[in-house]
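Chain by chain, the residues run as shown.
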Amino acid sequence: MRSLKNRPIGIFDSGVGGLTVARSVRKYLPGENIVYFGDTARVPYGNKSRETILRFSREIMAFLTEKGVKMVIVACNTASSLALSAIKKEYTVPVIGVIEPGVKESLKISTNKRVGVIGTRSTVASGAYKKKLLAEEPSCRVFSRDCPMFVPLVENRFFNDPATLRIAELYLSGIRKRKVDSLILGCTHYPLLKTVIGKVMKGVKLVDSSVAVAKYVKKALEAEDMASSRKRGKTAYFVSDDPGSFCRVARIFLKQKVSARKIIL
Ligand code: DGL
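Residues numbered from 1 in each chain as written. Predicted model: local features only at pLDDT ≥ 70, side-chain atom pairs only at ≥ 80, totals over all residues. Heavy atoms only, no water.

Asks: Can you walk me through the environment of Gly97 in this structure?
Replies: Summarising the element assignment, Gly97 is placed in strand S4 (residues 95–97). When the C-alpha atoms of Gly97 and Ile73 are compared, they prove to be 5.8 Å apart, with 24 residues separating the residues in sequence. Look past the residues within four positions of Gly97 in its chain and what remains in contact with it is Val74, Ser80, Leu84 and Val213. (Helix = DSSP H or I, 4+ residues; strand = E, 2+ residues; numbered from the N terminus. Contact = heavy atoms within 4.5 Å.)

This is the structure we're talking about:
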């Protein structure tokens, strides 16, 4: 049996967005091998029901555990909000989502305990961030807003476009008025809009869940003596639809060329 340390980490997302998490994991844990799965045939998850997201997540978990991963990171905020608690109970491999690391980080950096949360419709409707924030800090005030146009804007590379700024103003003005001092970017794609979001939310600390989860995973692996001793790890990319468009967008996310294999779950 391969030693646990040398096994890969599995990361999954509805598509390319989770590459922000893969990028952070590569930065904080350079020696790890990663198996990345992007469900490009069924993206977006952000407007789908819990039942559907849970079914997709189970199929992906079966694929990743077959690959012998030592841990799974659910990079997708929507799947973390709707499916994480169920799949955690169903598998022996540790499964980590993005909600808890993002929540802990936001409470650490917030001084007035007024926290903003933005995400997809399904993430915000689930109330997962709010519940976790209140469980950790009962006195905190949480202001949430879904931003459904942000994902297509990112996928179409409208990172710093005036149209994106206008939409960000429309989405975020309500939260800004609530005097939050930290804002959780509760969607894989939003770290790519940090510049625009930062302009609208001047002075507010932005919590990038991808960085928070990578630090969290590093701690967890080291605590369990499960971190790889390799110097440099590799990433294998798998997708459920044509790899071409995934690889094109992945190049923007990762600032490097990648190749991916299509698999049918
Ligand atoms: N990955 C999703 C999330 O973080 C965003 C894209 C989608 O809607 O599938 O919520």
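And the narrative resumes.
Asks: How do you make sense of the sheet that holds strand S1 (residues 9–13) when you look at a structure like this?
Replies: Working definition: the strands of a sheet are paired by backbone hydrogen bonds and lie parallel or antiparallel to each other. Taking strand neighbours across the sheet as the criterion, the 6 strands line up as S4-S3-S1-S2-S9-S10 in an open arrangement whose pairing is parallel. The sheet terminates laterally at S4 and strand S10 (260–262), the two strands that pair on one side only. Averaged over all pairs of adjacent strands, the angle between strand axes in this sheet comes to 20 degrees, irrespective of strand direction. Note that strand S3 (residues 71–74) and S4 share 3 bridges and pair parallel. Opposite Val72, over in S4, you have Val95 as the bridge partner. Helix H1 (residues 19–28) contacts S1, strand S2 (34–38), S3 and strand S9 (235–239) of the sheet and is inclined by roughly 170 degrees relative to S2. (Pairing = 2+ DSSP bridges. Axes fitted to C-alpha atoms, helices over the stretch in contact; angles between N-to-C directions.)

Asks: Which parts of the structure should I look at to understand the site of the ligand?
Replies: Within the structure, the ligand sits among 13 residues, and Asp13, Ser14, Tyr45, Gly46 and Thr78 are positioned closest to it. Contacts to the ligand include Asp13, whose side-chain N or O atom sits 2.8 Å from a nitrogen atom. The contact in question runs from an oxygen atom of the ligand to an N or O atom on the side chain of Ser14, over 2.6 Å. If the ligand stood free it would expose 300 Å²; the protein chains cover 99% of that surface. Residue composition of the shell around the ligand, grouped by class: 5 nonpolar, 7 polar and 1 charged. (Near = heavy atom within 4 Å. Polar contact = N/O pair within 3.5 Å; in protein donor to acceptor, adjacent residues only side chain to side chain. Areas by Shrake-Rupley, 256 points an atom, 1.4 Å probe, with all protein chains shown as cover. Nonpolar A, V, L, I, M, F, W, Y, C, P; charged D, E, K, R; others polar.)

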